[in-house]
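# Close look at the chain arrangement
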Amino acid sequence: QKPRKATPQTGEDTLNGHLPPGWQSYMSPQGRRYYVNTFTNETTWEQPSSVPGTPKSPVSQKSSASAVNGYHISGTPVHQLNSGHMSLRKASGDPQTPGSPAAPRRQSKESSLTINCVTFPHPDIMPEQQLLKPSEWSYCDYFWADKKDSQGNNTVSGFEILLQKQLKGKQMQKEMAEFVRERIKIEEEYAKNLSKLSQNSLAAQEEGTLGEAWAQLKKSLADEAEVHLKFSSKLQSEVEKPLLNFRENFKKDMKKCDHHIADLRKHLASRYAAVEKARKALTERQKDLEMKTQQLEVKLSNKTEEEIKKARRKSTQAGDDLMRCVDLYNQAQSKWFEEMVTTTLELERLEVERVEMIRQHLCQYTQLRHETDMFNQSVIELVDQLLRKVDPAKDRELWVKEHKTGDIRPVDMEI
C-alpha cells in the first residue's frame with residue numbers, strides 16, 4: 001500500500017518559507033517534525049541547511065551502494081540472488097526514521113519500492129560499482145552471478161565455476177606428475193640398456209687406433225648410462241616429488257573454502273525467503289486494515305473501532321517483522337559479500353602460486369635435460385676426436401711390428 005500524501009500541519013506554512021527550495025515540513029503522528037525534499041524524495045529529521053536541496057543529515061533514498069556484476073555493496077551491502085529477486089535495504093539513520101510506519105514518506109515510483117511506508121531503493125537505478133581491481137582480470141570482480149550451462153538448462157554459481165577451475169588445476173598437476181614419472185621410467189630403462197650394451201664383448205679384439213676409439217665408444221655408453229640415471233634421480237627429487245607435495249598442500253587449502261561460500265549463499269537465500277514471507281504477511285495485514293477502515297466509514301460502531309485498532313497493531317507488528325527480516329538479510333548478504341571477496345582472492349592466490357610453482361619446476365626439468373645433453377655432447381665429441389685420429393697406416397705398422405715373422409730375404413736360384 002502506497003503512503004498517503006502528507007499534508008502540512010498548522011504553522012508549517014510559515015516554517016516552510018524558511019526552508020531551501022524544494023523542501024517541505026511535516027508532522028509525524030507522534031508529533032515529531034520531519035522534512036521532505038519534493039524533488040529527490042529525500043527525508044530527514046533535521047532541518048535542511050541553507051544550501052538549496054541539501055539537508056543536514058538526510059536519510060537518502062538514493063543508494064550510495066555500488067555494484068559488481070549486479071551485486072550492490074555499501075556499509076550494509078545489498079545483493080540480488082537472481083534476476084527475479086528484489087534487493088531490499090533498510091534506511092539508516094534514526095532508530096525511528098521517517099521511513100518507518102510512524103511517518104509517511106513521499107516516493108518515486110521509478111526509483112524506489114515502498115512497503116508499509118518504508119521506501120527501499122530500486123536495484124535498477126543503483127549505480128554500478130567500479131571494479132575492485134580494475135587493472136587486473138581478478139576473480140573478485142567477475143564471478144558474482146550465475147551462469148547457464150552449455151545446453152542452457154541449468155545454472156551454476158560463479159563461485160562454483162572457480163571451484164571447478166581449482167579442482168581441474170589440481171587434476172592437471174597430478175597428471176603432470178604422472179607424466180614426469182613416465183619420463184623417469186624411460187630414463188631408468190634407457191640407462192639400464194646402455195650399461196648392459198657397454199659391457200657387450202662384440203668387436204673387443206679390435207686393435208690399433210681403431211681399437212682405442214671403439215673401446216672409448218663402448219665406455220661412453222657406460223658414462224652416458226650413469227648420466228641418465230642421475231638425470232632420472234634428479235627428476236624424481238626436484239620435479240616429480242615437489243609437484244606431488246604441492247598438490248597435497250593445495251588440497252588442504254581447498255578444503256578450507258570448498259563449501260563455506262555455498263553455505264553462506266544458502267543462508268542468504270533463506271533470509272531472502274523470510275523477507276518475502278514477511279512482506280506478503282504485511283500486505284495481507286494492510287489489506288485487512290484498509291477493509292476495516294472502509295467499514296468504519298460506512299458504519300460507526302465501537303466494535304469496528306476496536307477491530308481497526310487491532311488491525312493497526314497487527315499491521316505495525318508485521319512492518320516491524322519485515323524490518324527485522326530485512327536487517328537479518330542485510331547482515332547475511334554483508335557476510336556473504338565479505339567472505340566472497342576474501343575467498344575469491346584466496347583462490348586467485350592459490351592459482352597464481354600453482355602456475356608459478358609448475359613453471360619453476362618445468363624450468364628445472366629443462367635445465368636438467370640441458371645438462372644431460374651437454375654431457376652427452378662432450379662424450380660424443382671425445383669419441384669423434386678419437387675416430388678422427390684413426391690412422392690405417394699407423395695401425396698397419398703397429399700390427400706388423402707386433403706380429404711380424406721376419407724380413408723378406410730374396411735368394412738367387414742356381415741352375
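Conventions used here
- Residues numbered from 1 in each chain as written.
- Predicted model: local features only at pLDDT ≥ 70, side-chain atom pairs only at ≥ 80, totals over all residues.
- Heavy atoms only, no water.
- Helix = DSSP H or I, 4+ residues; strand = E, 2+ residues; numbered from the N terminus.
- Expected span 1.5 Å × (residues − 1).
- Polar contact = N/O pair within 3.5 Å; in protein donor to acceptor, adjacent residues only side chain to side chain.
- Core = buried A, V, L, I, M, F, W, Y, C linked by side-chain atoms within 4.5 Å.
- Buried < 20%, exposed > 50% of the residue type's maximum accessible area, 1.4 Å probe, protein only.
- Contact = heavy atoms within 4.5 Å.
- Patch = residues over 30% accessible without salt bridge, like charges linked within 9 Å, V, L, I, M, F, W, Y side chains within 5 Å.
- Areas by Shrake-Rupley, 256 points an atom, 1.4 Å probe, with all protein chains shown as cover.
- Salt bridge = Lys/Arg side-chain N within 4 Å of Asp/Glu carboxyl O.
- Lys, Arg positive; Asp, Glu negative; His and termini not counted.
- Charge placed at Lys NZ, Arg CZ, Asp CG, Glu CD.

With that settled, consider helix H7 (residues 392–403). Here H7 spans 16 Å end to end across 12 residues, near enough to the 16 Å set by a 1.5 Å rise per residue. Of the residues that open H7, the one with a side-chain oxygen 3.0 Å from the backbone nitrogen of Ala393 is Asp391.

Core analysis: the biggest nonpolar cluster contains 37 residues, and Phe159, Leu235, Leu243 and Leu347 have the highest contact counts within it. At the level of elements, helix H3 (158–198), helix H4 (208–255), helix H5 (260–298) and helix H6 (302–388) are the ones that each hand at least two residues to this core. In this structure Leu243 touches Gln173, Met176, Ala177, Val180, Met357 and Ile358, once residues within four positions along its chain are discounted.

Before going further, it helps to spend a moment on a positive patch on the surface. On the surface, Arg285, Lys309, Lys310, Arg312, Arg313 and Lys314 cluster together into a patch of positive charge. Ranked by residues supplied to the positive patch, first place goes to H6 with five residues. Of note, Lys309 is situated in helix H6. Taking relative accessible area as the criterion, Lys309 reaches 44% and is therefore assigned partly exposed.

This next bit is on the side chain of Ser220. Inspection of the secondary structure puts Ser220 in helix H4. Apart from the residues within four sequence positions on either side, Ser220 is in contact with Val379 and Val383.

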